[in-house]
Amino acid sequence: MKLDPPILEIKSLKACINENEILKDLNLTIHKGEIHAIMGPNGSGKSTFSKILAGHPAYQVLSGEILFKGSSILNLDPEERSHLGIFLAFQYPIEIPGVSNEDFLRLAYNSRQRFLNKPEVDPIEFFSVITEKLQLVDMAPIFLSRNVNEGFSGGEKKRNEILQMILLDSELSILDETDSGLDIDALKIISKGINTFMNQDKAIILITHYQRLLDYVKPNYVHVMQNGKIIKTGGADLAKELEIKGYEWLK
């Protein structure tokens, strides 16, 4: 019986921006059905790692490999990675004036439908698709008529990111500090959306500074990143230990 390859395998990854090397021999393996939390001090390379996975053009991979379901994605554009099932929720979602949420989400959905050789949907069909998803992030349908993230609160922006993840049905989701700036009610709503979405065919990477998100979304593994590499891996209890001790004791 042939086993499926890991959904994500990072091998000896080194990467830089503006000739400044940030990732230094990073290794990580993630299988379907797993939630991995990545923690670490500011400047350790966590957000850089997320952007490189998504294919941000400002970052240069110097050496190493990124395998998604056994195949290299290093030469793929961000759109191609997205179509394959990789999703990045931004730490600071941008506003897009003049573009309604409904149009933005429908175009993204139909783009992935085309890639999967599935039929596209018209605005009426899309409304029935998106209404069910809205309930998972506790957002009213009126939200669809607003421009993308324009005038949104921090919690609404983050819920919009989770809504996109659910709509696109991503196989590998990277959530870059999705919990930052959220009050406890918004955190619970977003966590519920993540937990409802997660299943044995998907994997999630949670990049976070805080233990509190991991009280609601339970990780299988917690990794500590420092100076561009993972220096320690443990279970969910490692996050609680970091909350108490900080990072100094790992040096």
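One can find the structure itself at the top, above this paragraph.
Residues numbered from 1 in each chain as written. Predicted model: local features only at pLDDT ≥ 70, side-chain atom pairs only at ≥ 80, totals over all residues. Heavy atoms only, no water.

J.: Explanation requested: the overall build of the protein chain in the structure shown.
T.: Secondary structure summary: the protein chain contains eight helices and 12 strands in total. By the compact-globule yardstick of 18 Å for 251 residues, the protein chain fits well, its C-alpha radius of gyration being 18 Å. C-alpha atoms of the protein chain, sized along the principal axes, occupy 55 × 45 × 40 Å. Evaluated residue by residue, the protein chain yields a buried proportion of 49% over its 251 residues. (Helix = DSSP H or I, 4+ residues; strand = E, 2+ residues; numbered from the N terminus. Rg over C-alpha atoms; globule rule 2.2 N^0.38 Å. Buried < 20%, exposed > 50% of the residue type's maximum accessible area, 1.4 Å probe, protein only.)

J.: Even after reading the chapter, I still don't get the sheet that holds strand β6 (residues 86–89), so can you show me in this structure?
T.: Note on sheets: strands pair through backbone hydrogen bonds, and any given pair is parallel or antiparallel. Taking strand neighbours across the sheet as the criterion, the six strands line up as β6-β9-β10-β3-β11-β12 in an open arrangement whose pairing is mixed. Only two strands of the sheet have a single partner each, and these edge strands are β6 and β12 (229–234). The mean inter-strand angle of the sheet, taken between neighbouring strand axes irrespective of direction, is 20 degrees. Pairing of strand β9 (residues 172–176) with strand β10 (residues 203–207) involves five bridges; the strand directions are parallel. Residue pairing for β10: D176 is matched across the bridge by I207. (Pairing = 2+ DSSP bridges. Axes fitted to C-alpha atoms, helices over the stretch in contact; angles between N-to-C directions.)

J.: It is not clear to me how the sheet that holds strand β2 (residues 20–30) should be interpreted in this structure. Could you clarify?
T.: Overall, antiparallel pairing links the four strands, which are arranged β2-β1-β4-β5 in an open sheet. Strands with a single pairing partner mark the edges of an open sheet, and in this sheet they are β2 and β5 (71–72). As judged from the seven bridges shared by strand β1 (residues 8–17) and strand β4 (residues 60–68), these two strands associate in the antiparallel manner. Paired with K11 across the bridge in β4 is E65.

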